[in-house]
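Structural overview
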Amino acid sequence: MWNKHFLGIAVGCFLCFLPFLLRGSHIIGGEIYYKFVNRVGNKIQYHFTMRMYKDVFNARATADFDNPAVIGIYLQTPTGYTLFGDNNNGQGISVPLYNRKMVNPNEIPCLIPPSNVIVEEALYEWDATLIDTNFSYIISSQKCCRNMTIANIYSPSTAGSTYSIEITPESQHLNNSSPYFKTLPPIFICVNEPLKYNHAAEDQEGDQIVYRFCTAYTSPSGGNASQGRLPPPPPYTPVSYKQPEYTDSAPMGGDPVVKIDANTGLIYGTPNLINQYVVTVCVEEYRNGVLLSRMFRDFQFNVLQCQKLVDAVVSADSVSGKKFFLYGCENVDLTIKNLSYERAQIRSFRWEFDVRGNIQRPSDWSPSLMFRDTGHYKGVLYLNENSQCNDSALINIQIGGKISTNFTAKYDTCVAGPVKFKGVFSSAYATKQISWEYNDGLWSYDSLETSHRYQSPGIRNVTFAVTDQFNCVGKTTKQVAWQPAPDIIVVEPSSFIGCAPAKVFFNNKSYPIDTTYNITWDFGDGKTSKAISPTHIYEKGGTYNVRLNIVSPLGCKKDGYFSNWIKVKPSPQADFEYAPTRVSNMTPTVFFKDKSVNAINWEWMVNHLGFSLKQNPVYTFKDTGKHTITLRARNTEGCVDSITKIVDVEPLVTYYMPNVFTPNDDSNNDIFKGAGFTEGMKSFSFRIANRWGEVIFESKDPSLGWNGRKNNDGQPSPQGVYLYEISYVNPRLEQINLHGFVTLLR
């Protein structure tokens with residue numbers, strides 16, 4: 001009966017780590033198990049569970065879970081298997097999909113799992129009542145399709161799968177429940193790494209279980225098995241292994257082969273071929289030496305090259321495999337930087353160094369060690385000792401001796417020439433490099449004697465360094481003051497002619513100078529400056545001599561005298577007045593009078609636009625508001641002076657009211673209203689009240705007056721005196737209020 005049925009479960013998936021896998025879109029396993037529930041006479045009630053798995057790396061999977069799944073229950077007879085009770089009219093039992101969920105990949109020591117590996121589990125559950133017989137029942141379901149990249153069988157994409165379990169007569173008689181697996185096999189296995197997976201099944205009655213590798217089975221219609229169809233009765237067809245490299249007892253090939261412990265179910269060995277494999281485990285259940293059941297589980301192992309999760313690495317001058325070579329110096333702390341990873345996976349670390357027979361075990365992650373003598377030393381870094389995910393690094397340290405150094409620096413302090421440097425040193429080992437660092441961004445190498453010209457003065461921290469073959473460094477740093485006096489005084493401009501007031505920038509380009517130098521300017525007009533490059537204003541016309549004195553911090557002097565260097569021509573004094581002094585839209589014409597001194601030409605501008613070249617022009621403003629008036633006056637030397645004044649053209653509003661009117665319809669003085677200049681008037685209000693305070697007329701329009709009737713359309717008002725009130729806002733946004741009396745005569 002061994003070759004007639006099986007329990008299959010495939011929990012592998014397409015792995016992005018394997019270059020030969022393109023995408024995942026297949027059912028990859030399943031299993032069926034049963035549990036005894038109740039017995040009434042010879043009728044036994046069982047609860048069945050079926051789990052199926054698929055990879056969902058590609059969302060458009062071509063083999064989704066059946067919903068419903070079709071289950072066949074077959075009873076063994078002397079002539080074969082028949083559908084028990086002709087269940088569901090010969091169509092099998094339709095079991096709806098009860099639940100589906102994602103399954104987390106297994107954790108493997110030292111493996112960084114891929115983030116895009118996804119396995120989904122489907123759960124089906126149903127109850128069935130069977131008759132206690134002397135024959136076995138086979139409960140089965142079928143599904144296509146295995147992954148096309150499986151390496152140990154022929155035509156895996158068309159092989160298909162059959163999932164089944166047998167209920168033997170002995171199991172029926174004893175009200176037995178089948179063994180079941182609580183865990184999934186590993187989805188990933190690392191090539192050339194030891195494999196230890198406990199494939200043990202659990203049995204609630206405590207029966208003896210025996211394990212071995214065996215064959216897997218296809219579905220009768222292979223890869224074309226349709227969803228929702230009743231599986232045919234047993235026997236089922238075994239897959240075809242690619243012999244002799246692969247067999248059912250050595251499904252992963254290699255040398256030595258991976259094995260399974262018959263008593264414990266432990267799968268162990270070291271797989272040494274990268275690929276995907278169908279691996280089937282047969283489980284036999286015994287009680288008191290009597291065979292109760294056989295069950296089968298086939299699943300997909302994926303063997304791949306794993307990325308190491310824990311790696312012992314230290315900073316080094318050179319590396320050869322797991323050997324790290326470092327160079328240090330006598331009596332100088334040597335820090336060994338621990339670069340090991342992944343830090344979160346490192347549970348423990350241990351350093352061990354042999355220092356002249358004295359074993360040192362520093363506790364720091366990146367320790368610092370001092371070696372008192374030159375020579376060769378060894379050490380080891382251990383990570384995760386006594387664990388499956390461990391690593392170590394061998395450390396070789398070469399300690400060099402002390403290097404003594406010194407140097408001299410010379411130059412003429414009153415001449416801006418180069419500094420001559422000369423270095424000396426002593427070392428027990430060969431010299432690797434000589435270097436000078438001049439503290440101005442420049443270096444030189446491999447010479448004990450050198451010269452360097454600085455581009456700016458200052459006190460420099462110059463360093464002379466010697467490096468030996470073990471990268472030990474000896475160095476000396478000294479302050480070198482390079483502060484000579486300039487060779488020549490250079491100032492721009494070399495001459496100047498301008499009009500008073502003359503603003504002159506003296507650009508001191510003498511080299512070398514900085515703020516540490518004592519600098520004195522004499523501008524020839526009684527004024528001086530200590531700035532390196534000052535700006536000076538000559539207020540009056542004349543010819544001026546300029547003197548510049550420079551003293552270096554070391555006492556060297558340099559003088560410069562520039563005779564008749566600055567020539568300043570006198571300028572006119574621009575001024576004007578205007579009339580009338582109060583200008584408005586009523587009086588927009590203004591008379592301008594020049595009051596400039598020593599001027600022969602005049603240029604007048606209104607709001608920066610020229611309007612006249614006359615000495616005393618007249619101008620009529622077209623707009624109210626404040627206007628900028630500028631006069632530019634020029635003298636015979638061509639020098640110009642200017643002055644600007646503001647002329648405010650006021651926007652006046654006038655509004656006058658009469659004190660009597662005669663509304664007798666003779667077209668003469670019939671309307672009472674104001675008169676005047678009202679342009680720009682805003683928020684106008686006009687009210688008239690009688691002597692009892694009653695408002696008899698209102699208006700918001702300054703052009704509308706009162707005709708002597710109430711609200712201009714009622715009964716004529718009697719002769720007498722009336723009160724008026726007027727308010728408005730002028731163009732300058734000022735509130736104006738008027739009130740008075742008017743006499744109405746008839």
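Residues numbered from 1 in each chain as written. Predicted model: local features only at pLDDT ≥ 70, side-chain atom pairs only at ≥ 80, totals over all residues. Heavy atoms only, no water.

A short note on the sheet that holds strand β20 (residues 349-355)
- Strand order across the open sheet formed by 6 strands is β17-β18-β24-β23-β20-β21, with mixed pairing between neighbours. Looking at the sheet topology across the chains shown, the edges are occupied by β17 (318-320) and β21 (358-360). Put simply, the sheet's adjacent strands are angled 25° from each other on average, direction ignored.
- Of the pairings in the sheet, the one linking β20 to β21 comprises 3 bridges and is antiparallel in character. (Pairing = 2+ DSSP bridges. Helix = DSSP H or I, 4+ residues; strand = E, 2+ residues; numbered from the N terminus. Axes fitted to C-alpha atoms, helices over the stretch in contact; angles between N-to-C directions.)

Details of the state of the cysteines
- Under the counting rule described, the total for this entry stands at 4 disulfides.
- Note on cysteine connectivity: Cys-214 is disulfide-linked to Cys-282, with sulfurs 1.6 Å apart. Looking down the S-S bond of the Cys-214 and Cys-282 bridge, the torsion is 105°, so its handedness is right-handed. Taken together, the residues Cys-214 in strand β12 (residues 208-214) and Cys-282 in strand β15 (residues 275-287) connect sequence positions 68 residues apart.
- Cys-214 sits in the buried class, given a relative accessible area of 2%. (Disulfide = S-S within 2.5 Å. Buried < 20%, exposed > 50% of the residue type's maximum accessible area, 1.4 Å probe, protein only.)

Looking at the pattern of salt bridges
- Scanning the model with the defined rule gives 23 salt bridges in all.
- A salt bridge links Asp-391 to Lys-322; the shortest N-O distance between them is 2.8 Å. Within this pair, whereas Asp-391 is found in strand β24 (residues 391-400), its partner Lys-322 is found in the loop between β17 and β18 (323-329), the two being separated by 69 residues in sequence.
- Judged by its relative accessible area of 30%, Lys-322 is partly exposed.
- A salt bridge links Arg-361 to Glu-352; its shortest N-O distance comes to 3.4 Å.
- Judged by relative accessible area, which is 23%, Glu-352 ranks as partly exposed.
- Several salt bridges share partner residues, and in doing so they unite Lys-54, Asp-64, Arg-100 and Glu-120 into one network. (Salt bridge = Lys/Arg side-chain N within 4 Å of Asp/Glu carboxyl O.)

Observations regarding the confidence of the model for the protein
- Mean pLDDT over the protein stands at 88; residues scoring 70 or higher make up 93%.
- Across residues 1-24, where pLDDT falls below 50, the model places 129 contacts with residues more than four positions away in sequence or in other chains. (pLDDT = per-residue confidence, 0-100. Contact = heavy atoms within 4.5 Å.)

Re the sheet that holds strand β40 (residues 557-569)
- Strands sit in the order β33-β40-β39-β36-β37 across an open sheet of 5 strands; the sheet is mixed. With partners counted over all chains shown, the strands left at the sheet margins are β33 (496-499) and β37 (528-529), one partner each.
- The sheet contact formed by strand β36 (residues 518-522) and strand β39 (residues 542-551) spans 5 bridges and is antiparallel. Note on β39: the bridge partner recorded for Asn-518 is Val-551.

Examining the pairing of strand β27 (residues 431-437)
- One ladder, built from 6 bridges, connects β27 with strand β30 (residues 458-468); its direction is antiparallel. Considered in β30, the bridge of Gln-433 is made with Thr-467.
- Relative to strand β28 (residues 443-445), β27 runs antiparallel, the two sharing 3 bridges. The residue of β28 that forms the bridge with Glu-437 is Trp-443.

Considering the nonpolar core
- With 27 residues, the main nonpolar core has Phe-48, Met-50, Tyr-124, Trp-126, Tyr-137, Ile-139 and Ile-167 as its most contacted residues.
- Setting aside chain neighbours within four positions, we find Tyr-137 in contact with Ile-73, Tyr-74, Leu-75, Phe-84, Leu-130, Ile-131, Ile-165, Glu-166, Ile-167 and Gln-172.
- Listed in part, the 23 residues of the second largest apolar core include Ala-151, Ile-209, Ile-260 and Phe-301. (Core = buried A, V, L, I, M, F, W, Y, C linked by side-chain atoms within 4.5 Å.)

Focus: a nonpolar patch on the surface
- A cluster of nonpolar residues, Val-721, Leu-723 and Phe-741, forms a patch on the protein surface that exposes about 280 Å² of accessible area.
- When its relative accessible area of 57% is taken as the criterion, Phe-741 is described as exposed. (Patch = residues over 30% accessible without salt bridge, like charges linked within 9 Å, V, L, I, M, F, W, Y side chains within 5 Å. Areas by Shrake-Rupley, 256 points an atom, 1.4 Å probe, with all protein chains shown as cover.)

Side note on unusual backbone geometry
- Following Tyr-341, the chain continues into Glu-342 via a peptide bond in cis, with omega recorded as -10°.
- Considering the arrangement of structural elements, one finds Glu-342 in the loop between β19 (333-335) and β20.
- Here the bond from Ala-500 into Pro-501 is cis, since omega is -5°, no more than 30 degrees from zero.
- When you line up the elements, Pro-501 lands in the loop between β33 and β34 (502-505).
- For Ser-155, which is not glycine, the phi dihedral falls at a positive 45°.
- Looking at where Ser-155 falls in the secondary structure, it is placed in the loop between β8 (137-143) and β9 (161-167).
- The phi dihedral of Asp-446 falls on the positive side, at around 65°, and the residue is not glycine.
- For Asp-446, the position within the fold is in the loop between β28 and β29 (449-452).
- With relative accessibility at 59%, the residue Asp-446 sits in the exposed group.

Quick look at the pairing of β30
- The element β30 is extensively covered by neighbouring structure, given that 9 of its 11 residues are classed as buried.
- Bridge count for β30 against strand β31 (residues 473-482) is 10 bridges, and the pairing is antiparallel. Note that in β31 the partner of Arg-460 across the bridge is Val-480.
- Turn length for the β30-β31 hairpin, with the two strands adjacent in sequence and antiparallel, is 4 residues, and the turn residue Asn-471 shows positive phi of about 65°.

Notes on the packing of aromatic side chains
- Within this structure, the stated rule accounts for 43 aromatic pairs.
- Relative to Tyr-377, the ring of Phe-371 has its centre 4.5 Å away and its plane inclined at 40°; by these criteria the two rings are tilted. Comparing Phe-371 with Tyr-377, the two get one shared label, buried.
- Centroid distance Tyr-655 to Tyr-728: 6.4 Å. Interplanar angle 70°. Geometry classified as edge-to-face. Highlighted residues: Tyr-655 in the loop between β48 (640-650) and β49 (660-661) and Tyr-728 in strand β52 (residues 720-729), separated in sequence by 73 residues.
- With relative accessibility at 7%, the residue Tyr-655 sits in the buried group.
- An aromatic cluster is built from Phe-576, Tyr-578, Phe-592, Trp-604, Phe-611, Tyr-619 and Phe-621, whose rings are joined through pairwise contacts.
- Taking the ring centre of Trp-365 as reference, the NZ or CZ of Arg-343 above it sits at 3.5 Å.
- Seen from the ring of Phe-576, Lys-645 lies directly overhead, with NZ or CZ sitting 4.8 Å from the centre. (Phe/Tyr/Trp six-rings, centres within 6.5 Å; stacked < 30°, edge-to-face > 60°. Lys NZ or Arg CZ within 6 Å of the ring centre and 35° of its normal.)

Here we look at the environment of Thr-589
- As for its placement among the helices and strands, Thr-589 is situated in strand β43 (residues 589-594).
- Sequence spacing of Thr-589 and Val-618 is 29 residues, and the spatial spacing of their C-alpha atoms is 7.1 Å.
- Other than its neighbours up to four places away in sequence, Thr-589 contacts Ala-579, Pro-580, Val-618, Tyr-619 and Thr-620.
- In this structure the side chain of Thr-589 is engaged in a polar contact, spanning 2.8 Å, whose partner is the side chain of Thr-620. (Polar contact = N/O pair within 3.5 Å; in protein donor to acceptor, adjacent residues only side chain to side chain.)

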